[in-house]
Every structure is written in C-alpha cells, then in structure tokens.
Amino acid sequence: MALRLRKLSYALGAEVCDIDLTQPLSEDCVGDIRRAFLEHNGLLLFRNQRIGPAQHIAFSRRFGELDRHESVPRDRHPEHAEILVVTNEPDADGEPSNSRYTGQLWHSDLGFTLRPALGSLLRAVAVPPVGGDTLFANMYAAYDALSAGMQSLISGLCGIHTQQRRHVSADWQAESSRLNPPVAHPLVRIHPETGRKALYVGEPVKRIEGLSDAESAPILEVLMAAAIRPQGGYRHQWQVNDLVFWDNRCTNHQALGDYDSAERRRMERTTLVGEPSGHLASGA
Ligand SMILES: O=C(O)CCC(=O)C(=O)O
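In this report, we go over the structure that sits alongside the text. (Residues numbered from 1 in each chain as written. Predicted model: local features only at pLDDT ≥ 70, side-chain atom pairs only at ≥ 80, totals over all residues. Heavy atoms only, no water.)

## A short note on the environment of Met-1
Link 1 in the chain: Mapped onto the elements, Met-1 comes out in the segment before β1 (4–7).
Link 2 in the chain: With 28 residues separating them in the primary sequence, Met-1 and Cys-29 have C-alpha atoms 7.9 Å apart. (Helix = DSSP H or I, 4+ residues; strand = E, 2+ residues; numbered from the N terminus.)

Encoded structure:
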C-alpha cells in the first residue's frame with residue numbers, strides 16, 4: 001500500500017501518515033519511505049509512535065549503519081550506545097546536563113568528524129507544554145539561492161568545522177576538543193543519492209581553509225544568510241512520540257531552546273553513519 005504523505009512546508013518535509021512503527025515493516029514499505037525521504041528534501045515526520053529505544057534503533061537500522069557516538073561519549077544513552085540523549089534532566093550526580101544546549105547553533109550532525117552523518121532520527125520522549133521547537137533548513141535551496149558568481153567562488157573551497165556547544169563544563173569541552181580536532185569539508189557537496197548540490201556551512205564553521213579569518217568572515221556571512229532564509233525552512237513543534245528523520249547531507253537544523261528550563265525536555269537520537277568526507281584542517 002502506498003504511503004500517505006502530508007507536506008509540512010514548501011521547502012522541505014512531509015508527514016508519513018497512518019504508519020505504526022511498532023509493527024514489522026516490509027522491504028517495500030521501507031523502500032517507499034526512503035524514496036519519500038529523498039523526494040521531500042530530506043525530512044520525514046512520524047507522529048504518535050509509541051516506541052522505546054530498542055524499536056527506535058531497529059527502525060533506524062533499516063536505513064543504514066548506526067553511529068555509536070564515540071565522538072560524544074558522554075551524551076550516549078547508558079544502555080544503548082546507538083542513542084544520543086539531548087535533555088535538560090540533571091545528570092545522575094545532580095549536575096546540569098551537558099546536553100541541554102545541544103544543537104542550539106545551526107548545524108548538520110557530526111560535521112566535526114571525518115564521517116558526517118547521513119541522517120538522524122530524533123524521538124521526542126518529553127516535551128515542554130510550549131516551545132522547545134527545532135528549525136530545519138533546506139540546503140539545496142540555500143545553494144540555489146546563491147548567485148552563479150558566488151557558486152563558482154566557493155566551489156573547491158572547504159569550511160573548517162569544529163565541535164561547539166554553549167555552556168558546557170570545561171572538562172566536557174577539553175574532551176571534545178581532544179576527540180574532535182578541526183576538520184575541513186567542501187562548502188558545496190553533491191548529495192550521493194540525488195546528485196544535487198547542497199551548501200555545507202553552519203555556525204560551527206568559522207573559517208574557510210586557506211583564507212584568513214578576516215577574508216573568511218564576509219563570505220561565511222553571505223553563505224549563512226542563504227542558509228537561514230525563512231523561505232527555505234520548516235519549524236517543527238514537537239509532540240511526545242514524534243519521530244523526525246532528517247537527511248544531514250542536504251539539511252541544517254537548530255534547536256531553538258525557546259522553552260521554560262524548569263519544564264522537562266528529553267529527546268533521543270539515532271545517527272546514520274555517512275560517507276567519509278574531508279580531511280583534518282590545515283593551519284586551524
Ligand atoms: O533537540 C533538538 O531539538 C535538536 C537536537 C540536535 O540538534 C541534534 O540532535 O543534532
């Protein structure tokens with residue numbers, strides 16, 4: 001039976017309706033989901049899915065190999081290395097969670113590694129009564145919005161990606177910098193399945209390889225302006241048991257943090273391993 005889809009915004013995204021991820025899915029159904037994922041510019045929403053970590057992992061595996069989050073070991077679920085936890089719940093020792101500000105800069109997952117993520121599947125376990133939304137941006141559209149001159153200027157250039165997160169403890173930051181030295185990825189990437197060009201830039205990209213900070217800044221400013229155009233976006237308002245599956249090869253996202261920190265928010269993410277990309281940054 002064909003999937004029933006409902007578009008979420010003009011730029012990207014569709015809800016997959018009438019599907020129950022607690023039930024076994026046929027290969028045909030998984031193939032239809034994969035096609036819809038590519039057709040809708042890399043974002044699918046599955047609402048009201050009463051699944052736990054094991055089913056979340058099993059469903060994610062239908063789309064590829066899962067990352068075990070070695071680059072962010074402290075954010076892993078204690079029993080499932082394939083799940084990354086994003087929460088404002090205090091740690092077991094009562095300290096504020098280092099993951100409470102995860103994703104509050106525009107980014108694409110694991111861009112600070114040499115195997116940026118193919119996709120991510122984020123499940124809402126607890127959400128505040130209002131806010132806690134996530135913005136998504138279509139990075140094909142961001143590339144298409146640039147002039148031919150700018151497209152030509154940036155072809156062949158690499159942006160330097162570092163791991164950045166606001167308000168983390170000093171030892172978290174030290175460990176993260178040790179595990180994840182700066183890496184350089186092309187500013188323009190070709191999506192391996194659609195063949196389309198997508199802009200690859202985010203707030204953690206502070207410099208262009210081979211250019212000075214002063215030379216990089218105005219170019220990055222122009223690229224970020226294209227990347228965050230509201231016309232290229234979708235704002236997701238989470239409900240408990242939502243699962244959002246996005247393609248990191250052609251989208252960026254940002255957790256807005258627009259909620260009362262006294263309210264509980266807990267999200268769990270699986271991450272699909274992507275293809276090798278880039279190199280360790282020179283002169284970073
Ligand atoms: O918590 C969110 O809304 C998004 C988290 C995020 O940015 C991520 O998992 O990469």
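## Quick notes on the sheet that holds strand β14 (residues 251–255)
Link 1 in the chain: Sheet architecture is open: three strands sit in the order β12-β6-β14, paired in antiparallel fashion. Each edge of the open sheet is held by one strand with a lone partner, namely β12 (233–236) and β14. Pairwise comparison of adjacent strand axes, ignoring direction, gives a mean angle of 20 degrees for this sheet.
Link 2 in the chain: In terms of strand pairing, strand β6 (residues 134–138) meets β12 through four bridges, oriented antiparallel. When the sheet's bridge partners are listed, Phe-136 is paired in β12 with Tyr-234. (Pairing = 2+ DSSP bridges. Axes fitted to C-alpha atoms, helices over the stretch in contact; angles between N-to-C directions.)

## Points about the nonpolar core
Link 1 in the chain: One finds Ile-19, Leu-21, Leu-25, Ile-33, Leu-44, Phe-46 and Phe-59 to be the most contacted residues of the largest nonpolar core, which totals 24 residues.
Link 2 in the chain: Looking at this core, the elements with two or more residues in it are β2 (14–17), α1 (27–39), β3 (43–46), α2 (53–61) and β13 (243–247).
Link 3 in the chain: For Leu-25, the contacting residues outside a window of four places in its chain are Ile-19, Asp-20, Val-30, Ile-33, Phe-59 and Arg-62.
Link 4 in the chain: The next biggest cluster of nonpolar side chains, apart from the first, holds 23 residues, and it includes Leu-146, Ile-154, Leu-187 and Leu-223. (Core = buried A, V, L, I, M, F, W, Y, C linked by side-chain atoms within 4.5 Å. Buried < 20%, exposed > 50% of the residue type's maximum accessible area, 1.4 Å probe, protein only. Contact = heavy atoms within 4.5 Å.)

## Brief notes about the side chain of Arg-207
Link 1 in the chain: Note on placement: Arg-207 falls in strand β11 (residues 205–208).
Link 2 in the chain: When its relative accessible area of 14% is taken as the criterion, Arg-207 is described as buried.
Link 3 in the chain: Looking at Arg-207, its side chain comes within polar contact range of the main-chain oxygen of Leu-211, at 2.9 Å. (Polar contact = N/O pair within 3.5 Å; in protein donor to acceptor, adjacent residues only side chain to side chain.)

## Some details on the site of the ligand
Link 1 in the chain: Taken together, Val-86, Gly-103, His-107, Asp-109, Leu-122, Thr-134, His-253, Ala-255, Arg-265, Met-267 and Arg-269 are the residues near the ligand.
Link 2 in the chain: One of the side-chain nitrogen or oxygen atoms of Asp-109 is found 2.7 Å away from an oxygen atom of the ligand.
Link 3 in the chain: Here an oxygen atom of the ligand and a side-chain polar atom of Arg-269 are 2.8 Å apart.
Link 4 in the chain: Those elements that place two or more of their residues in the shell around the ligand are β14 and β15 (266–272).
Link 5 in the chain: Of the residues that constitute the shell around the ligand, the class distribution is four nonpolar, four polar and three charged. (Near = heavy atom within 4 Å. Nonpolar A, V, L, I, M, F, W, Y, C, P; charged D, E, K, R; others polar.)

## Description of helix α6 (residues 213–227)
Link 1 in the chain: Taking 1.5 Å of rise per residue, 15 residues should cover 21 Å, and α6 covers 20 Å from first to last C-alpha, within 8% of that figure.
Link 2 in the chain: Those residues of α6 lying buried are Ser-216, Ile-219, Leu-220, Leu-223, Met-224, Ala-226 and Ala-227.
Link 3 in the chain: On its buried face, α6 is in contact with β6, α3 (139–144), α4 (148–154), β10 (197–199) and β11. (Expected span 1.5 Å × (residues − 1).)

## Section: the state of the cysteines
Link 1 in the chain: The final tally for this structure, using the stated rule, is zero disulfides.
Link 2 in the chain: Cys-17 takes part in no disulfide bond, and the closest cysteine sulfur to it belongs to Cys-29, at a distance of 13 Å.
Link 3 in the chain: Judged by its relative accessible area of 15%, Cys-29 falls in the buried class. (Disulfide = S-S within 2.5 Å.)

## Thoughts on the sheet that holds β1
Think of a sheet as strands paired side by side through backbone hydrogen bonds, with each pair either parallel or antiparallel.
Link 1 in the chain: Pairing is mixed in the open sheet, where seven strands are placed in the order β1-β2-β3-β13-β5-β15-β4. Across the chains shown, the open sheet's two edge strands, defined by having one partner strand only, are β1 and β4 (84–87). Strand-to-strand, the axes of this sheet are offset by a mean angle of 25 degrees, without reference to chain direction.
Link 2 in the chain: With seven bridges connecting them, strand β5 (residues 119–126) and β15 associate as antiparallel partners. Residue Arg-123 lies in a different strand from β15, and its bridge partner there is Glu-268.
Link 3 in the chain: Its contacts with the sheet place α1 against β1, β3 and β13, and it is angled at close to 130 degrees to β3.
Link 4 in the chain: Across the face of the sheet, α2 comes into contact with β3, β5, β13 and β15 while running at roughly 30 degrees to β15.

## Examining α2
Link 1 in the chain: Turning to α2, its buried residues number three or more, namely His-56, Ile-57, Phe-59 and Ser-60. Projected onto a plane normal to the axis of α2, the buried residues spread over an arc of 165 degrees and lie on a single side.
Link 2 in the chain: Buried residues along α2 sit in contact with α1, β3, β5, β13 and β15. (Arc of directions from axis to C-beta.)

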